[in-house]
Amino acid sequence: MSNANAYAAFERSIAINAARPALEVDPVQSCTYSELDRETARCAATLHNFGLRPGDRVAVQVEKSPQSLFLYLACLRAGLVYLPLNTAYQLAELTYFLSDAEPALVVCSPSAEAGVRELVRTSRLRAQVATLDESGGGSLSEAVREASGEFTTVTMSPDQLAVIIYTSGTTGRSKGAMLTHRNLLSNATVLVDTWGFTSQDVLLHALPVFHVHGLFVANHCALLSGAKLLWKAKFDAKATVSDLQRATVMMGVPTYYTRLLAEPGLTREACASMRLFISGSAPLPLDIFCDFQARTGHTILERYGMSEAGMITSNPLNGERRGGTVGFPLRAVSVRVADQQDHPLPAGETGGIQIQGDNVFAGYWRNRSKTREEFTADGWFRTGDVGIFDGDGYLSIVGRVKDLIITGGYNVYPKEVELVIDAMPGVLESAVVGVPHPDFGEAVTAVVVLDRDCEPLSESAVIGHVKRHLANYKAPKRVHFLSDLPRNAMGKVQKSLLRQRLAAQPEHRSSNY
Ligand code: AMP
């Protein structure tokens, strides 16, 4: 039987690229692919020595370091289920994840160790605890140093679990999306092809590694093609401008591009060695797409994906990259836009985005009912995103199903209103949400960030502007001005937080608006 372990595919590429650089780390540390392979072997052997066996979960909440990458790859090699946790989660939040996933090992930063041990004890979990810090120190690394550099990658079948990744949980409890070796590898193979990765590429990697974007998309593309990773612990716009001169590809969330544009050093010359800028995880504003093109001569390639399915669509490498869209379905991924009865809709009509393919996850961990709810009778996964195909086959995302506002019986897609508000001179960005309203059910409510260099705008000016462009029922009932929008680590606007905050304000509790 051939080995469907995703790492077995990486091993084939590593064998070809053994002497080539795999990681270049701040400040001058680096390693070749054969060194990376040896490190992952030693780490996998260590995990085996800890008594961990295929199928056991390894929960990891650590800062980004080369060792954190080796740990992830070691888990794949050893057939363990990797469970990345956002470094922002507090101990109280970990209680849920650890009790739900029941890991056999928790790897945390040394500063969190005492709290994690106490949590493991009080929650009566049978988990070991090891530490890893941002410079690669800690009890795990000490054990790894003693271990052998030989490890035979465990044979896995395509359907066996590789990763559980908890969704951000903006509606209700966070759920563990179960990803198989097939999910990871099929997606990685398609992406290498779609984006033209080769061993000549140098990928600037400044993303966090607790999320699909930084953990799978970036790492897997490099590993499968033998490209070099410029491994950055954090995104820093100024440093990135100078790093770009040694890179060929960058992957980022939209906020990275916004921040890069604020750097005067971002010029055509600074991007001379670059062949591709990729954006995803949140919508790329059209003005950023255009400004970036004007300043650098590069057209950002926007793609769409999610924890449950890796990457789903992408603008083309060769061919028109259309701003405001997420491009075409990837090879081997089927995408349809459907109505509420799950009937496919033609191009030009808005509906729920549903997908099928080898990239689609195996369901939610220990949550059969939620899994059943999210799949249609004919086997399509409901992404929870609302979208529309244009006549040329480009998909645009209009918003999340749960963000849809139903006001007085009418449906309002926030994105449509946001685009109109964003086009007003003096507006930097906006977010439109539904806030409970005694008469309308929900009231369209806008939160607007103004450009400090422009004349301030009034609430009535914003409402009047929307009414001139859209049906009255789509216009906000109230407009709030904030200095910035709350965003998570991946640059997504936290609409649930906005909704909660606005709903708590007394003015939104009366019907006089
Ligand atoms: P996560 O599971 O945290 O990766 O979040 C996935 C969600 O991010 C998707 O369901 C979309 O709502 C959103 N998303 C990802 N990429 C894009 C994009 N290019 N444009 C708009 N939304 C996106």
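To be clear, the structure that these remarks concern was listed above.
Residues numbered from 1 in each chain as written. Predicted model: local features only at pLDDT ≥ 70, side-chain atom pairs only at ≥ 80, totals over all residues. Heavy atoms only, no water.

Engineer: So what's going on with the side chain of threonine 325? Residues and values would help.
Structural biologist: With respect to the helices and strands, the residue threonine 325 is situated in the loop between β14 (310–314) and β15 (328–329). Among the residues examined, threonine 325 registers a relative accessible area of 5% and is labelled buried. A distance of 2.9 Å separates a polar side-chain atom of threonine 325 from the backbone oxygen of arginine 322. Separated by 3.3 Å, the side chain of threonine 325 and the backbone nitrogen of glycine 327 make a polar contact. (Helix = DSSP H or I, 4+ residues; strand = E, 2+ residues; numbered from the N terminus. Buried < 20%, exposed > 50% of the residue type's maximum accessible area, 1.4 Å probe, protein only. Polar contact = N/O pair within 3.5 Å; in protein donor to acceptor, adjacent residues only side chain to side chain.)

Engineer: An account of unusual backbone geometry is requested, with residue identities and associated values reported.
Structural biologist: One non-glycine residue with positive phi stands out, namely serine 281, at about 85°. Judged by its relative accessible area of 13%, serine 281 is buried. A positive phi angle is found at alanine 332, which is not glycine, with a value near 75°. The exposure class assigned to alanine 332 is exposed, which follows from its relative accessible area of 57%.

Engineer: An account of the site of the ligand is requested, with residue identities and associated values reported.
Structural biologist: In the vicinity of the ligand lie 16 residues, with Arg303, Ser307, Asp385, Arg400 and Lys492 positioned nearest. At a separation of 3.0 Å, an oxygen atom of the ligand approaches a polar side-chain atom of histidine 211. Protein chains bury 91% of the 500 Å² of accessible surface belonging to the ligand in isolation. Every element with two or more residues in the shell around the ligand is listed here: β13 (301–306) and β19 (395–400). Of all the elements, β13 adds the most residues to the shell around the ligand, at five residues. Of the residues in the shell around the ligand, the class split is seven nonpolar, four polar and five charged. (Near = heavy atom within 4 Å. Areas by Shrake-Rupley, 256 points an atom, 1.4 Å probe, with all protein chains shown as cover. Nonpolar A, V, L, I, M, F, W, Y, C, P; charged D, E, K, R; others polar.)

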